[in-house]
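Structure at a glance
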Amino acid sequence: MATNGPGRTPTTARAAPGPRAARLAVHDPATGEAFGEAPDQHPDELDAVVTRAHRAWRSWREDPAARTAALLAAADAVEAAGTDLAPLLTREQGKPLAESYAEVTRTAARLRYFAALAPGPRPITDGRPVDSEIHWRPLGPVAAIVPWNFPLQLASAKFAPALAAGNTMVLKPSPLTPLATRLLGSVLSTALPRDVLTVVTGREPLGARLAAHPGIRHVTFTGSVPTGRAVARGAATSLARVTLELGGNDAAILLEDTDVEQIADRLFWAAFHNCGQVCMAVKRVYAPARLYPQVVEALAQRARDTVVGPGLDPGTRLGPVNNAPQLARVEHYTARALADGARIAAGGHRPKRPGHFHAPTILADVPPGSPVVTQEQFGPVLPVLPYTRLDEAVEAANGTGFGLGGSVWGTDLDRAQEVAGQLECGTAWINHHAELSLAQPFAGTKDSGVGVAGGPWGLYGNLRPFVVHRPRTA
Ligand code: NAD
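The rules behind these values
- Residues numbered from 1 in each chain as written.
- Predicted model: local features only at pLDDT ≥ 70, side-chain atom pairs only at ≥ 80, totals over all residues.
- Heavy atoms only, no water.
- Core = buried A, V, L, I, M, F, W, Y, C linked by side-chain atoms within 4.5 Å.
- Buried < 20%, exposed > 50% of the residue type's maximum accessible area, 1.4 Å probe, protein only.
- Helix = DSSP H or I, 4+ residues; strand = E, 2+ residues; numbered from the N terminus.
- Domains from an automatic or database assignment.
- Contact = heavy atoms within 4.5 Å.
- Salt bridge = Lys/Arg side-chain N within 4 Å of Asp/Glu carboxyl O.
- Phe/Tyr/Trp six-rings, centres within 6.5 Å; stacked < 30°, edge-to-face > 60°.
- Lys NZ or Arg CZ within 6 Å of the ring centre and 35° of its normal.
- Near = heavy atom within 4 Å.
- Polar contact = N/O pair within 3.5 Å; in protein donor to acceptor, adjacent residues only side chain to side chain.
- Nonpolar A, V, L, I, M, F, W, Y, C, P; charged D, E, K, R; others polar.

A closer look at the nonpolar core
Core analysis: the largest hydrophobic core is formed by 51 residues, its most contacted members being Val78, Leu111, Phe159, Met169, Leu171, Leu188 and Leu192. Here this core gets eight residues from one element, more than from any other, and that element is helix α5 (residues 151-164). When residues of this core are assigned to domains, at least three map to each of domain 1 (22-246 + 446-469) and domain 2 (250-430). Beyond its immediate sequence surroundings of up to four residues, Phe159 is in contact with Thr107, Leu111, Ala164, Met169, Leu171, Leu184, Leu188 and Leu197.

Observations regarding the pattern of salt bridges
Going through the model one piece at a time under the given rule, you end up with 25 salt bridges. The salt bridge partner of Glu37 is Arg23, with a shortest N-O separation of 3.1 Å. Taken together, the residues Glu37 in strand β2 (residues 34-39) and Arg23 in strand β1 (residues 23-27) connect sequence positions 14 residues apart. The exposure class assigned to Glu37 is partly exposed, which follows from its relative accessible area of 46%. The residue Arg209 makes a salt bridge to Asp44 at a minimum N-O spacing of 2.7 Å. Linking Arg209 in helix α7 (residues 206-211) with Asp44 in the loop between β2 and α1 (46-60), this pair joins segments that are 165 residues apart in sequence.

Some details on the packing of aromatic side chains
For the coordinates displayed, the defined rule picks out five aromatic pairs. Ring geometry for Phe268 and Trp269: centres 5.1 Å apart, planes at 90 degrees, overall edge-to-face. Here the aromatic cluster, defined as three or more aromatic residues joined through ring pairs, consists of Phe268, Trp269 and Phe272. A cation over an aromatic ring shows up here: Arg61 above the ring of Trp57, its NZ or CZ 4.3 Å from the ring centre.

With respect to the site of the ligand
The environment of the ligand is made up of 28 residues, and the closest members are Val146, Ser224, Thr227, Leu246 and Glu376. Backbone polar atom of Gly223 to an oxygen atom of the ligand: 3.4 Å apart, as the coordinates give it. Within the backbone of Leu246, one N or O atom sits 2.6 Å away from a nitrogen atom of the ligand. Within the residue set of the shell around the ligand, elements represented by two or more residues are α7, β8 (218-222) and α8 (225-236).

A word on the domain arrangement of the protein
Assigned domains of the protein: these are domain 1 (22-246 + 446-469) and domain 2 (250-430). For domain 1 versus domain 2, the distance between C-alpha centres works out to 30 Å. Between domain 1 and domain 2, the residue contacts involve 24 residues of the former and 29 residues of the latter. Counting every contact that joins domain 1 to domain 2 gives one salt bridge. The salt bridge partner of Lys446 is Glu424, with a shortest N-O separation of 3.4 Å. Elements supplying a minimum of two residues to the side of domain 1 that touches domain 2: α3 (82-93) and α4 (97-115). Split by residue class, the side of domain 1 that touches domain 2 holds 10 nonpolar, eight polar and six charged.

Below you can see the structure in the form of structure tokens.
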């Protein structure tokens, strides 16, 4: 198998030049101004892209050792390009520069992790006089569709396992954040054979057409619940496998023995990291009535102390919200909570500056039925609710349609783990939140997802079993 070798100079992402010269303007959320553009590809271009991905698959699937070498070279190339990738990511996404570097590092780490995972044939031993063996085979071209909150990291969560398993991929970033992903595509093209990974960019219906394309054998999607349903409907037309990583409304339950000052920083940043635009952020806090005033004030104090500003400013801890509709959603939920009787303990306003900034906001006394509690706000606003009986807090935590993550906080870790075991979600944390290992399965329940990503399970999600039976001769 011919690889291009890690030494090749990056050119442009392998987005096929189309008949239409339409462009997609990309805005800097710290200013609201357009600063770059990407191709706005016509969905008809997908036929040629998928055909090339299918052709590339024929050789890519054949040689696991060459794949491993190419993926390791790709990881090195990504790391070496960090100083180009990270500032561009901050520019279009808004996050502090250090967090963009963390996305680059995670992308390289994920490539290395999956490069080392190769499932060999396994015997089936069930006492019958036949030798049966399970082999794992790749599926074919995989479509990946990702959102704007972690463009590189979420893309790598798709392409690292899919390519390691021997598939090829067509990757579509959000039209709000196409630039760093296109650059990443260029960087990866220095290490991967041609057409193994193709980045396509454009407005809808590009994603819808990709999800429903008859040449795609697996659609792996990360985004909102309604779009996930649309993607699943589209993929049903060709019966492609579907993996959906969807929204979350994670609850953090504080127990009576919580040392509030000790956990307050961690709890605050579990909610406000990436400006709250994290699927598995803490999106609501339940505190025992006795601790409630202290919890509200500890979080409010941290909100007031947080430096909000452009992600490229060295002192910034919290950047802008990524886009105007998302900011409008955050403001709408806040206004609705206030109308429902909540009060603002900190924040609640837009700083006086251009761009999509919103002060980190702590909402107290929020009625449990207010949409900021029952829906996913996906922004820098956190409702804090009191409880008197723990079973009611657990019931409330489980009482939405989401089931991504949850956390329990307290001093007695056994007790905390016992309560965590009652959460209906895919991942539960104790005294922290939203930390994931590359080696763990990541899967939401209920409306938060279908299928499993992460670890060996993520690899198998991109493979199909092929079983050989033969009579035993000796
Ligand atoms: P979104 O669903 O609006 O868009 C996600 C992607 O789908 C984008 O690339 C978009 O262009 C594309 N898309 C839009 N309409 C489509 C269609 N009809 N068919 C195919 N693709 C289409 O989500 P968003 O606003 O970009 O991202 C925020 C959401 O993502 C939140 O709900 C968040 O919780 C979720 N999310 C989940 C995870 C997870 O791992 N569970 C991780 C990050 C974000």
